[in-house]
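Residue-level structural notes
Here is what each chain is made of, one letter per residue.
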Amino acid sequence: MKSMDTMPTGRESPRQRISSSLNERISSTSRYLWRYRTLYLLSIPGILYFLIFKYVPLFGSVIAFQNYNIFKGFSGSEWVGLEHFRTMFAHYDFLRILNNTLLLGLYDLVIAFPVPIVLAILLNEVRLVVYKRFLQTIVYMPHFLSWVVISGIFIGIFSTDAGVVNKALGLLGLEPIYFLGEDSYIRTILIGSGIWRDSGYGTIIFLAAIAGINPDLYEAAEVDGAGRLKQIWSITLPSLLPTITILLLLHIGKFMDLGFERVYVFLNPLNTGSGEILDTYIYKAGLMSQQYSYTTAIGLFKSVVGLVLIMIGNIFSKKTTGESLY
Amino acid sequence: MRLPSVRYRIFNVVNLIFLSLLSLTMILPFVNVLAQSLSSSEAIMNGEVSFWPVAFTWINYEYVFGDFSFWRAFAVSVGVTLVGTFVNLVATASLAYPISRTEYKGRGFIVMFVLITVVFSAPLIPNFILMRELHLVNNPLVLIVPGAINAFNFFVMRSFFAQLPTELIDAARIDGCGELGIIGRIILPLSKPVMASLGIFYAVSHWNSYSTALYYLNDSAWWPIQVMLKKLFESDEISVDSGSSMYSSLAHTSPEGIKMATIIIATLPIIIIYPFLQRHFVKGIMVGSVKS
């Protein structure tokens, strides 16, 4: 074929010319692919992995619009449109759980998010390098414990008969409190355990950003007579703003994704009233009670809200600070 | 240089005290667990144990080490961590390396393809249906295969490979190396640091993973240590195999003490590798934060 094209055939018609250049392009592409076949072959399993384990279930989410029956499959199950979304909002339990999820998301954003920023600034002020390293080693550590272990530790120290917290309350002459057996404490425990586990680790990125600040700025401020505290306020904090904005946007995208494990491990029948979130409900109602389509609708609703929040946040931050995710 | 102001010196002292107290709140709960795991049941139940063992005993540990269901879960976790981490590294590198090479046309498309899965993730049930169709429910492979590539780690590895000098690759090619030779002789020896960092991250997440086994494994024979530990917390029995309960015959052990001893044992591997871990995670986060 190639030799035919290159043979001198006198005047070529336009069609011939197009087909010959197309042939050439195809053959040069295939030659290119053949030359780097090892690279392309190597990437195939990974691409298949993402297709099968990430894209297939994504498209499988259509069961939210069906009455999915596990024996009939996707094609055999009856289509019901938005019915599950309608039942969702007519359901008292769902509204209560949505309320829990939103409240916990809000507390996590307002209370837990700023902690690593403050902690990083405070750690940065420790002048004794050895001690600073020592502190860092300790505060990073809880991040690597599993949620099951953390719940075990917390349930232990907050228990009524053997827990050290209630013992301390006893020394102060207070009645013991059943922290994990009441609706009123569970949200505090969930947010508190999150801060305990992750705020130390969260300082890493801010400490790196602080280390990247131009030291000339501090020198100039010193010459101008600004004290250390003034320097923190006028140099360190503003320099961290871009990092804070990006992380804030990412955090907002996960507003409703507090995480299944960190909540589930603390739940018991006495505190689900305030502690149950959408993810734990999806597990219980979906996997354990087999309400497949209904809980998929809830999951889909959650993803859409997350996406909308991140887009709104992005527009807002582009307008106000000029920082954006995309 | 000016001397720091009085206000700053006060701030410094308060800051040091505050940070020291804070780090105590990170350590003390753990010390409390350790002390309880080494105490007798009477002492624990009477609330006598705070940060030092009371009526010191090894019996809680003896009980845990004598429990078959503990060893079984421990073995599952060790196996999944070792095999799983190996699979993770091979799978992640085999996609990240080709995508990092400029010769790979269409790599922008693949990057988007992966990025989309980070932004849009499927709800639980479609995942469950997929696992059922693939016969991964009640199959221990579910702890390894569905999580083979973590998108974030994929991006970290890709940027690591991308910053390796292309001159090395060109030189190897001139010397007659094929693509596989380049990978084996040039790329792999150079990528030890990124393999170590990501390997240790993958290993920790395997060891700590709980929900995957909870969702997809009903058979207690394949429960990893975290699931076993959670079941232990939920029950007042001392073993997840209800038949093997010997509680009444061991007057000095309490479920509380046994729970605490199991926590300590389940955390020990993490504590042991923590010094290595710490050396790597700062670097890992930094590479990852370079906007991909």
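For clarity, every value in this text was computed on a predicted model and none was experimentally measured. (Residues numbered from 1 in each chain as written. Chains lettered and ligands numbered in written order. Predicted model: local features only at pLDDT ≥ 70, side-chain atom pairs only at ≥ 80, totals over all residues.)

What follows concerns the confidence of the model for chain B. Residues and elements named next belong to chain B. Summing up the model confidence of chain B, the mean pLDDT is 85 and the portion of residues at 70 or higher is 88%. The low-confidence segment residues 242–252 (pLDDT under 50) makes 14 contacts with residues lying over four places distant or belonging to another chain. Below a pLDDT of 50 lies the segment residues 288–292, which in the model reaches seven contacts outside its immediate sequence neighbourhood of four places, other chains included. In the predicted assembly, ipTM is 0.88 and pTM is 0.87. (pLDDT = per-residue confidence, 0-100. Contact = placed C-beta atoms within 7 Å.)

The next thing to look at is the domain arrangement of chain A. Residues and elements named next belong to chain A. Looking at chain A, the domain boundaries give domain 1 (2–79) and domain 2 (85–320). Computed over C-alpha atoms only, the centres of domain 1 and domain 2 are separated by 43 Å. With six residues of domain 1 at the interface, the matching set in domain 2 holds five residues. Residue composition of the side of domain 1 that touches domain 2, grouped by class: three nonpolar, three polar and no charged. (Domains from an automatic or database assignment. Nonpolar A, V, L, I, M, F, W, Y, C, P; charged D, E, K, R; others polar.)

Here, UniProt's "transmembrane region" (unreviewed entry) annotation points to residues 12–31, 70–97, 109–129, 141–161, 182–204 and 257–277 of chain B. In residues 257–277 of chain B, the share of helix is 100% and the share of strand is 0%. The end C-alpha atoms are 29 Å apart. (UniProt positions renumbered as here; feature names shortened; annotations may be inferred. Helix = DSSP H or I, 4+ residues; strand = E, 2+ residues; numbered from the N terminus.)

Here the focus is the packing of helix α17 (residues 292–320) of chain A against helix α6 (residues 124–133) of chain B. The contact between α17 of chain A and α6 of chain B brings their axes to 7 Å, and the two run at 130°. By the angle between their directions, the pair α17 of chain A and α6 of chain B is classed as oblique. Side by side, α17 of chain A and α6 of chain B meet where Y292, T295, T296 and G299 of chain A of the first sit next to L124, I125 and P126 of chain B of the second. Tallied by class, residues from the contact of α17 of chain A with α6 of chain B come to four nonpolar, three polar and no charged. (Axes fitted to C-alpha atoms, helices over the stretch in contact; angles between N-to-C directions. Parallel < 35°, antiparallel > 145°, perpendicular 65-115°, else oblique.)

The subject of this paragraph is the UniProt feature "transmembrane region" (unreviewed entry) in chain A. Under the present numbering, the feature "transmembrane region" (unreviewed entry) in UniProt falls on residues 39–65, 102–123, 144–165, 185–211, 232–252 and 292–316 of chain A. End C-alpha atoms of residues 292–316 of chain A are separated by 36 Å, and the span's content is 100% helix alongside 0% strand.

All right, on to the nonpolar core then. Within the largest apolar cluster, 114 residues are counted, with the highest numbers of intra-cluster contacts made by M157, A213, W223, M228 and I263 of chain B. In terms of residue count, helix α4 (residues 68–100) of chain B provides more of this core than any other element does, 11 residues in total. Residue assignment places this core across two domains, with domain 1 (2–79) and domain 2 (85–320) of chain A each supplying three or more. Setting aside residues no more than four positions away along its own chain, I263 of chain B makes contact with V149, G152 and I153 of chain A together with V33 and L229 of chain B. Residues A162 of chain A together with L38, A43 and V49 of chain B belong to the second largest nonpolar core, which totals six residues. (Core = buried A, V, L, I, M, F, W, Y, C linked by C-beta atoms within 7 Å. Buried ≥ 20, exposed ≤ 12 C-beta atoms within 10 Å, placed from the backbone.)

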